[in-house]
Amino acid sequence: MEFQPTNPSPLIEDHGPVQVRDRFSSRFAFFVAAIGSAIGFGNVWRFPSLVYEFGGGAFFLPYLLALFLFGIPLLVLEVAQGQHYEAGAYYSMLLAWTLNAFFQSFGEGNFWAQEQVTGTEAKQYFYENIIGTSTLGDDLLPTRVDAKNSFYSLLTWTLIYFSVAYGMEWTSRITNFTVGLPIVLLFVFLGRSVTLEGSGDGIYEYIGDSNWSVLTEKPAVWSRAVSQIFFSLGVTFGVMTAYGSHCKKNEPAFMNSCTVAITNSFIAGFAVFATLGHLALLEGHDSVSDLEYSSFGLVFGSWPVALGTMPGGEHWIRAFFVMLFFLGIDSAFAHVECVLTVLSDTKIEHFDKRWASALVSFGTFLLSLIYATDAGLIFLDTVDYYINFVMIFIGFLKCFVAGWIYKIEGQIESLGANIVFAYMTTTFVSLLLACVCWFGLGELALGFAGLVLFYTIGMLFVFNLMRERKGANPDLKWKDMCYDLYMKNVMDLRSDLSRSAGYLPVIWAVLIKHVIPPVLLVLFFLGADATTSDADGNEVKVFGRYGGYPTQPYQVLGVLTVVFVSFLFGSSLVFPQWYDVLQKSDGSNAIDPTPANAVEMKSTKANNDVEDEPAII
């Protein structure tokens, strides 16, 4: 795409064609794309089952706390960073399986619409006939690649390519349909399901029957709530940073993020459990818990079976699979757009979005083939579990860098390196020692005692260093020194982002620095400490043994996913020069076409709305 300024400044030299940065055509277009990314498979097959597993209505307490304390602040951070800096596989197989199930529903003897079919039988049919697990041996190792699922994956990625390759305006037009249709269908399903006999009992089991003891007896509920929020809002994946970078400058990032967050509704859960309540009544069960109510047992088992009991059931089933596909493909658009945004903002010359889209789409299709094997479900289930740790760890690092590392040079100049790093060490080492006591030794009281003791001693040491520095510089004031230590760098970040992203509340800065990083660190170790019972009834750690799947290749793949991402982020902090090629280009071939933001352009650079700042994660 080329752009020639209508009234070029005499200070601009001719550097050849100038590339316009893709922009959303309107604020509404951003909302549609962001909401499409946020409302995906997780709202249908993950969230309702989590609610039921973790105490019904009681789950909403950790869920809402996670939304307001972690989800929204991180969402604001990513969208604001995208606007300010203008930078920004297995999911496709879920879409391929959905397409496969959709076309299977047109064949003779639509399995889900047959009489006397139970949700358990439908789930088994999905596993064996759609995914192809029937050829797995006792060792659970993959034996073949399913040709039909490979084809549907290729079809999915072809659709994704043609949806993202031609710019944000084209993508926005497509998402108007792919977001709007499934939302309309979801409300149609809700309206129909609540009229069914037994639906009230299902809804009561969803939110009315609260088991508050779960919050203490199953501590993993807290980390699962946070990871579900991250999944639902699309944070830590870079998606919202990419979308934010395509917004016009000075869009209100805080309000935009809150709007996207509140659309992360619980509507799907009501539709799910109203329908399951009806199915439980038909099958003579006393409770929804007697049905397949979680994960694939829900979306490819009980729910379509329940829809098949309605008049015209086969059409309801097909509409259901259409809804699932469109819910998922919007999120896939977002993930691809994230990669394309990163590539377009690097030092790669002659970037062409169509060729880049083709490369990303085809490469990801090849990666998806591991999930097209007859063991694809096991691969997906394993990676899905371990990706929870990746998201929590990335969330920690994002906020740690934003709250503790951003403009640390100025903080060191003001206070001295010994004070800055002593405070950082006191905060996080005390927390790590507490986690060792809590989760490694199982000593809760010792952990809290050690946390308080180490933190107290550390802060006394920090204040002693500050006293010595003030003695050497009498003009320094305690108030200013404390502000510089506790808040200055994150408040500088708030000020810098506000120039491009509008108002950001002070409480946001407090959460980013002092609340989210330590809590996410604890939740990471809490999740890793979760236990389960093995075949012999012994209590074992889930991490490294998830699902009872063989160590190789499944657990190895999952653990390596966590290690690899940790290495990437850790090395980017210690050895940033390794990633120089990914640094944002100087803009000599790019221009922001928004007239309201045009400023004087110097001879060696295209126009920039703000001074260049060092990018942060």
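Bear in mind the structure is a predicted one, so any value in this text is a computation, not a measurement.

Draft legend 1. Here's a closer look at the packing of aromatic side chains. One pass over the structure, following the stated rule, counts 51 aromatic pairs. With a centroid separation of 5.9 Å and an interplanar angle of 35°, the aromatic rings of Phe 59 and Tyr 63 are classed as tilted. Neither Phe 59 nor Tyr 63 differs from the other in exposure class; each is buried. A centroid spacing of 5.0 Å and a plane angle of 90° characterise the contact between Phe 389 and Phe 543, whose relative ring orientation is edge-to-face. With a gap of 154 residues between them, Phe 389 in helix 17 (residues 376–405) and Phe 543 in the loop between strand 3 (539–541) and helix 23 (551–574) connect regions that are remote in the sequence.

Draft legend 2. Summary view of the confidence of the model for the chain. Per-residue confidence for the chain averages 83 on the pLDDT scale, and 88% of its residues sit at or above 70. For the chain, per-element mean pLDDT is lowest for strand 4 (residues 590–591), which scores 40, and highest for helix 6 (residues 147–164), which scores 95. Low pLDDT, under 50, characterises residues 1–18; the stretch is placed with 28 contacts to residues that sit more than four places away or in other chains. In this model, residues 587–617 is a region of pLDDT below 50 whose contacts with residues beyond four sequence positions or in other chains number 74 contacts.

Draft legend 3. Structural view of helix 6. If you check helix 6, its first and last C-alpha atoms are 26 Å apart, about what 18 residues at 1.5 Å a residue would give, namely 26 Å. Listed in full, the buried residues belonging to helix 6 are Asn 149, Ser 150, Tyr 152, Ser 153, Thr 156, Trp 157, Ile 160, Tyr 161, Ser 163 and Val 164. In this fold, the buried residues of helix 6 make contact with helix 4 (90–104), helix 5 (119–131), helix 7 (168–193), helix 15 (313–344) and helix 16 (353–368). For helix 6, the N-terminal cap is Asp 146; the gap from its side-chain oxygen to the backbone nitrogen of Lys 148 is 3.1 Å.

Draft legend 4. Geometry of the packing of helix 1 (residues 27–38) against helix 7. The geometry of helix 1 relative to helix 7 is characterised by a closest axis approach of 9 Å and an angle of 55° between their N-to-C directions. Put simply, helix 1 runs oblique to helix 7. Here helix 1 runs over helix 7; the crossing is left-handed. Here Phe 28, Ala 29, Val 32, Ala 33 and Gly 36 of helix 1 lie close against helix 7, whose contacting residues are Ser 172, Thr 175, Asn 176 and Val 179.

Draft legend 5. Expanded view of the nonpolar core. Membership of the largest hydrophobic core comes to 185 residues, with the highest contact counts inside it found for Trp 97, Tyr 243 and Phe 296. When residues of this core are assigned to their parent elements, the largest contribution, 19 residues, is made by helix 17. For Trp 97, the residues in contact, after removing those within four places along its chain, are Phe 126, Ile 130, Ile 131, Asn 149, Phe 296, Phe 300, Tyr 371, Gly 376, Leu 377 and Leu 380.

Draft legend 6. Molecular detail of the environment of Val 221. Looking at the element boundaries, Val 221 is found in helix 10 (residues 220–233). On the basis of relative accessible area, Val 221 is assigned to the buried category, the value being 0%. In this structure, the C-alpha to C-alpha distance between Val 221 and Leu 526, residues 305 residues apart in sequence, is 9.9 Å. Discounting chain neighbours no more than four positions away, the residues touching Val 221 are Phe 54, Phe 59, Pro 62, Val 214 and Leu 215.

Draft legend 7. Here's a closer look at the environment of Ile 203. Residue placement: Ile 203 occurs in helix 8 (residues 199–208). Taking the C-alpha atoms as reference points, Ile 203 and Ala 271, separated by 68 residues in sequence, lie 8.4 Å from one another. Excluding its chain neighbours within four sequence positions, the residues that come into contact with Ile 203 are Val 194, Gly 208, Phe 270, Phe 273 and Ala 274.

Calculation rules
- Residues numbered from 1 in each chain as written.
- Predicted model: local features only at pLDDT ≥ 70, side-chain atom pairs only at ≥ 80, totals over all residues.
- Heavy atoms only, no water.
- Phe/Tyr/Trp six-rings, centres within 6.5 Å; stacked < 30°, edge-to-face > 60°.
- Buried < 20%, exposed > 50% of the residue type's maximum accessible area, 1.4 Å probe, protein only.
- Helix = DSSP H or I, 4+ residues; strand = E, 2+ residues; numbered from the N terminus.
- pLDDT = per-residue confidence, 0-100.
- Contact = heavy atoms within 4.5 Å.
- Expected span 1.5 Å × (residues − 1).
- Polar contact = N/O pair within 3.5 Å; in protein donor to acceptor, adjacent residues only side chain to side chain.
- Axes fitted to C-alpha atoms, helices over the stretch in contact; angles between N-to-C directions.
- Parallel < 35°, antiparallel > 145°, perpendicular 65-115°, else oblique.
- Left-handed = near helix turned anticlockwise from the far one by under 90°.
- Core = buried A, V, L, I, M, F, W, Y, C linked by side-chain atoms within 4.5 Å.

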